[in-house]
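# Report on the structure
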Amino acid sequence: MKTNVSYYQNIKEFRLFVTQSYSQLIQLKKEGNQASFNDLVLKIMPQIRQYINTQLNIAIRKGHFSKNKFKADDIIDQLFIEIYDHIEDVKQADDFYVWLFKKTNDLLEDITVEEEFDEFFFKNIDDYTRPEWDAMQEKYSSDADGDGHLLMIEEFEDRSYNHNDYTLNHVFIENDEKDLIKKIDKDLSDEDVKHHIELVLHNLPVNMRKVFELANIQHLELEEIAQIRHQTLEEVKQLLNDAKKALQVSLFNRYSVN
């Protein structure tokens, strides 16, 4: 079976496959069949690999380390060992998916440095004018590969690995915000939205950015994100709310909405 996330219609279906793999992995380990164990783990890695690549690319973009210092395979190899050595720590199949993200997050935390938060950007996010936003966007894009896209550590054969296609629905989700979406939507293309959200997330505190991504890209519940991030549910809720408020304010200030 090709390790290709397009075999699964959506993340929910992919998560079900991962959950159903748990009992088989336990059995394979009991039998001492590590080769088959590793083959099955390889089939449940696409979404995890996408998350790893996203985090490593952000770290590279922020100058924490060079492009060649770490690769997704470095983390994946270590994750294979963690899964084989500690899968019995997972008490039930339904916990396996979140446990994988928790282990992955811990491994990433071990190699990434504490980010220096641009407090000025966050404090003044509601004061930037459209020309200032445009200048920031131009600089952000110029640091990419020349056409506005983030330099990838590795190119995927299947582009469906890359799910970071942010939309207004990631920012505005309440019923009373539907009118706001319509107003902004008149001025923005899908690419405008995606690039603007990427720009703002890049400059937000790392905890806000990661919670936003886990909630909106990986579609994890807030309680699950709290487990993965070793934070309280209230902390996670606050971080997600703050990220969305920053994005909302920035969208309104950058694009004229009457």
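See above for the structure.
What comes next concerns the included structure. This structure is a prediction, so every number in the text was calculated from the model and none was measured.

Parameters at a glance
Residues numbered from 1 in each chain as written. Predicted model: local features only at pLDDT ≥ 70, side-chain atom pairs only at ≥ 80, totals over all residues. Heavy atoms only, no water. Axes fitted to C-alpha atoms, helices over the stretch in contact; angles between N-to-C directions. Helix = DSSP H or I, 4+ residues; strand = E, 2+ residues; numbered from the N terminus. Parallel < 35°, antiparallel > 145°, perpendicular 65-115°, else oblique. Left-handed = near helix turned anticlockwise from the far one by under 90°. Contact = heavy atoms within 4.5 Å. Nonpolar A, V, L, I, M, F, W, Y, C, P; charged D, E, K, R; others polar. Phe/Tyr/Trp six-rings, centres within 6.5 Å; stacked < 30°, edge-to-face > 60°. Buried < 20%, exposed > 50% of the residue type's maximum accessible area, 1.4 Å probe, protein only. Lys NZ or Arg CZ within 6 Å of the ring centre and 35° of its normal. Salt bridge = Lys/Arg side-chain N within 4 Å of Asp/Glu carboxyl O.

Each pair of packed helices can be described by the angle between their axes along with the distance between the axes. Packing of helix H3 (residues 46-61) against helix H5 (residues 96-111) leaves a shortest axis separation of 11 Å and a crossing angle of 25 degrees. Of the possible angle classes, the one that applies to H3 and H5 is roughly parallel. Handedness of the H3/H5 crossing: right-handed. Contacts from Gln 47, Ile 48, Tyr 51, Ile 52, Gln 55 and Leu 56 in H3 reach Tyr 97, Leu 100, Phe 101, Thr 104, Asn 105, Leu 108 and Ile 111 in H5. For the contact of H3 with H5, a count of residues per class yields nine nonpolar, four polar and no charged.

Counted under the stated rule, the structure contains eight aromatic pairs. Ring geometry for Phe 121 against Trp 133: centres 5.9 Å apart, planes inclined by 90 degrees, an arrangement best described as edge-to-face. One end of the pair, Phe 121, is in helix H6 (residues 119-123); the other, Trp 133, is in helix H7 (residues 130-142), and twelve residues separate them in sequence. Taken as a pair, Phe 121 and Trp 133 share a single burial class, namely buried. Between the NZ or CZ atom of Lys 29 and the centre of the ring of Tyr 84, over which it lies, the distance is 5.1 Å.

Counted under the stated rule, the structure contains nine salt bridges. Arg 49 is the salt-bridge partner of Asp 73, the closest N and O atoms lying 2.7 Å from each other. Taken together, the residues Asp 73 in helix H4 (residues 72-86) and Arg 49 in helix H3 connect sequence positions 24 residues apart. Relative accessible area serves as the criterion here: at 38%, Asp 73 is assigned to the partly exposed category.

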